[in-house]
Amino acid sequence: MKKTLVLSLLAAVLPLVAGGCATKAHYVQTGGRESLVTVNSINIQDYIQAADKMTGELLASGALDKVPNPPAVLAISRIVNNTGQQIDTDLLTKKIRVALLQSGKALTTTTMGLGGTAEDPMAKGLQQEAEFKADQQTTRTPDFTLSGKIIQTIARDGNLSQSTFSFQLSLTSPKSGLAVWEGEKEITKQGEKPSVGF
Amino acid sequence: MKTQILLPLAGAALLAVAGCRTSMNTVENAQKEGQRQMISDSRVITDSSLAKKVSFVGLNQSMTPGGLLKVQLELLNRKGSLQRFSYRFEWFDANGMQITEVASPTVPDQIEGGESKFISAVAPNPACKDFRVKFIED
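Not measured: the values here are computed from a predicted model.

*Asks:* How would you explain the pairing of strand β3 (residues 144-157) of chain A if you had to name every residue and give the values?
*Replies:* All names here are of chain A. With seven bridges joining them, strand β1 (residues 72-82) and β3 adopt parallel strand pairing. Residue N81 lies in a different strand from β3, and its bridge partner there is I150. Bridging between β3 and strand β4 (residues 160-173) involves 13 bridges; their strand directions are antiparallel. The residue bridging G148 from the neighbouring strand is L169, located in β4.

*Asks:* Describe helix α2 (residues 44-61) of chain A, with residues and values.
*Replies:* All names here are of chain A. For α2, built from 18 residues, the straight-helix expectation of 26 Å at 1.5 Å per residue is met to within 8% by its first-to-last C-alpha distance of 26 Å. For α2, a buried count of 14 out of 18 residues is recorded, marking the element as mostly surrounded by other parts of the structure. One or two residues past the end of α2 sits G62, with phi positive at roughly 80 degrees.

*Asks:* Go over the packing of α2(A) against helix α3 (residues 90-103) of chain A with me, naming the residues and quoting the values.
*Replies:* All names here are of chain A. Packing of α2 against α3 brings their axes to within 9 Å, and their N-to-C directions diverge by 40 degrees. Looking at the two axes, α2 sits oblique to α3. Between α2 and α3 lies a crossing of right-handed hand. Residue-level contacts link Y47, I48, A50, A51, M54, T55 and L59 of α2 to L91, L92, K95, I96, A99, L100 and S103 of α3. Partitioned by chemical class, the residues of the contact of α2 with α3 number 11 nonpolar, two polar and one charged.

*Asks:* Account for α3(A), naming residues and giving values.
*Replies:* All names here are of chain A. Between the first and last C-alpha of α3 there are 19 Å, a value that for 14 residues agrees with the 20 Å anticipated at 1.5 Å per step. Turning to α3, its buried residues number three or more, namely L92, T93, K95, I96, R97, A99, L100 and S103. On its buried side, α3 packs onto α2, β1, β2 (106-108) and β4.

*Asks:* Before we move on, can you summarise the interface of chain A and chain B with the specific residues and values?
*Replies:* Each partner contributes residues to the interface: chain A has 19 residues there, and chain B has 18 residues. Those elements giving two or more residues to the side of chain A that touches chain B turn out to be α2 and α3 of chain A. Top contributing element to the side of chain A that touches chain B by residue count: α2(A), with seven residues. When the residues that make up the side of chain A that touches chain B are grouped by side-chain class, the tally is six nonpolar, nine polar and four charged.

*Asks:* Got a sec to walk through the sheet that holds strand β6 (residues 130-137) of chain B? Specific residues and values, please.
*Replies:* All names here are of chain B. Read across the sheet, three strands follow the order β4-β3-β6 without closing on themselves; strand pairing throughout is antiparallel. Two strands bound the open sheet, and with one partner strand each, they are β4 (107-111) and β6. Put simply, the sheet's adjacent strands are angled 35 degrees from each other on average, direction ignored. By the bridge criterion, eight bridges tie strand β3 (residues 83-92) to β6 in an arrangement that is antiparallel.

*Asks:* Tell me about the confidence of the model for chain B, residues and numbers included.
*Replies:* Residue and element names in this part refer to chain B. Across chain B, the average pLDDT comes to 88, with 86% of residues at or above 70. The weakest mean pLDDT in chain B belongs to helix α1 (residues 2-20) at 56; the strongest belongs to strand β2 (residues 69-77) at 97. Overall fold confidence (pTM) sits at 0.84, and the ipTM for the predicted complex is 0.81.

*Asks:* Just give me the short version of the sheet that holds strand β1 (residues 54-63) of chain B, but keep the residues and values in it.
*Replies:* Residue and element names in this part refer to chain B. Spatially, three strands are ordered β1-β2-β5 in an open sheet, and the strand pairing comes out antiparallel. Looking at which strands have only one partner, the edges of the open sheet turn out to be β1 and β5 (116-122). Taking the axes of each pair of neighbouring strands and ignoring which way they run, one obtains an average angle of 20 degrees across the sheet. As paired strands, β2 and β5 are joined by seven bridges and run antiparallel to one another. Note that in β5 the partner of E74 across the bridge is F118.

*Asks:* Which residues make up unusual backbone geometry, and what values go with them?
*Replies:* Glycine aside, negative phi is the norm for most residues, and most peptide bonds take the trans geometry. Each neighbour pair has its own omega, and for P70(A) with P71(A) the value is 0 degrees, a cis peptide bond. By the element assignment, P71(A) lies in the loop between α2 and β1.

*Asks:* Could you give an account of the environment of D130(B), with specific residues and numbers?
*Replies:* Here D130(B) shows up in strand β6. In this structure, the C-alpha to C-alpha distance between D130(B) and M97(B), residues 33 residues apart in sequence, is 9.5 Å.

*Asks:* Now, about the nonpolar core: what can you tell me, with residues and values included?
*Replies:* Among the nonpolar cores identified, the biggest contains 43 residues, and A51(A), M54(A), L74(A), L92(A) and F167(A) are the most heavily contacted of them. Among the elements of the structure, α2, β1, α3, β3 and β4 of chain A together with β2, β3 and β5 of chain B are those that each provide at least two residues to this core. Looking at which element gives the most residues to this core, the answer is α2(A), with eight residues. Excluding its chain neighbours within four sequence positions, the residues that come into contact with L74(A) are L100(A), A106(A), L107(A), T108(A), P142(A), F144(A) and L146(A).

*Asks:* Which residues make up the environment of I96(A), and what are the values?
*Replies:* Residue and element names in this part refer to chain A. Relative to the assigned elements, I96 resides in helix α3. Overall, the presence of 24 C-beta atoms within 10 Å leaves I96 in the buried class. Sequence separation between I96 and D143 is 47 residues; the distance between their C-alpha atoms is 16 Å. Sequence-distant contacts of I96, defined by excluding residues within four places in its chain, comprise A51, M54 and T55.

Procedures and definitions
Residues numbered from 1 in each chain as written. Chains lettered and ligands numbered in written order. Predicted model: local features only at pLDDT ≥ 70, side-chain atom pairs only at ≥ 80, totals over all residues. Pairing = 2+ DSSP bridges. Helix = DSSP H or I, 4+ residues; strand = E, 2+ residues; numbered from the N terminus. Expected span 1.5 Å × (residues − 1). Buried ≥ 20, exposed ≤ 12 C-beta atoms within 10 Å, placed from the backbone. Axes fitted to C-alpha atoms, helices over the stretch in contact; angles between N-to-C directions. Parallel < 35°, antiparallel > 145°, perpendicular 65-115°, else oblique. Left-handed = near helix turned anticlockwise from the far one by under 90°. Contact = placed C-beta atoms within 7 Å. Nonpolar A, V, L, I, M, F, W, Y, C, P; charged D, E, K, R; others polar. pLDDT = per-residue confidence, 0-100. Core = buried A, V, L, I, M, F, W, Y, C linked by C-beta atoms within 7 Å.

So, in structure tokens, the structure goes:
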């Protein structure tokens, strides 16, 4: 009798316990404190932080204000990925472009790209057609190009693993070929590897 | 016999406490060339524990060459151990409306024991006139 009662209680409680342990899918704030942090990869909050820091520095420098016809026109050049993972550098550059556009300090060309490739081929075609019809160049030459590199530096000590991601950007004036602004943001993360497992 | 057990325990506890306490010493030029444009602030403290550990010393602002508001906040760790926190800037236009076009990140940060530290931010556009900084303990 007693055994049956205990078993019945256990059977009733078990689903509740198991249900309580299950992770229910839920929304978190992008880049917020609940975001997952991994040591060996760049997380979304890292891109947001790096982009925000470097945009703030670029705007504060006043480099974009020194153009004859504001707002400045920006072309995105090569962003080299020197990390151990495959990344889309637009996760960094797009945030910077959006912030610069919102600041009113710079516009980014989408018809001019590295190696003659346009981000928006249709816009480039229409622009060339308009220039042909008008028989004059309407394309505004970029005042600056934005290039950079993302580097990962790894260190290990026993089970402790550390990754530093360096986000480096240079704003170059094509007229002089000189970098008029340069920024770097480093993000370091540490974590212990599990002693058992893969 | 009891003392023999308690003494090593007390020693270990002392070492553990001392290991966590690292306070920072600083030195700076006494005659300052720069003049900070200090501004008055309004505070809402809901975590008194964090406020006791990391306090707001002062707030100053300036304008960038391009006419953007730049804000700097001085923090002081009143404790003798490292404190971790996250902060986030929010910006408002002349009508008090929050500027949400540009995502403001939650920045994880830390401050050593006894350290005085500055955090700063530049407004995302010239329309930003006011700001708010949110802090939470990690």
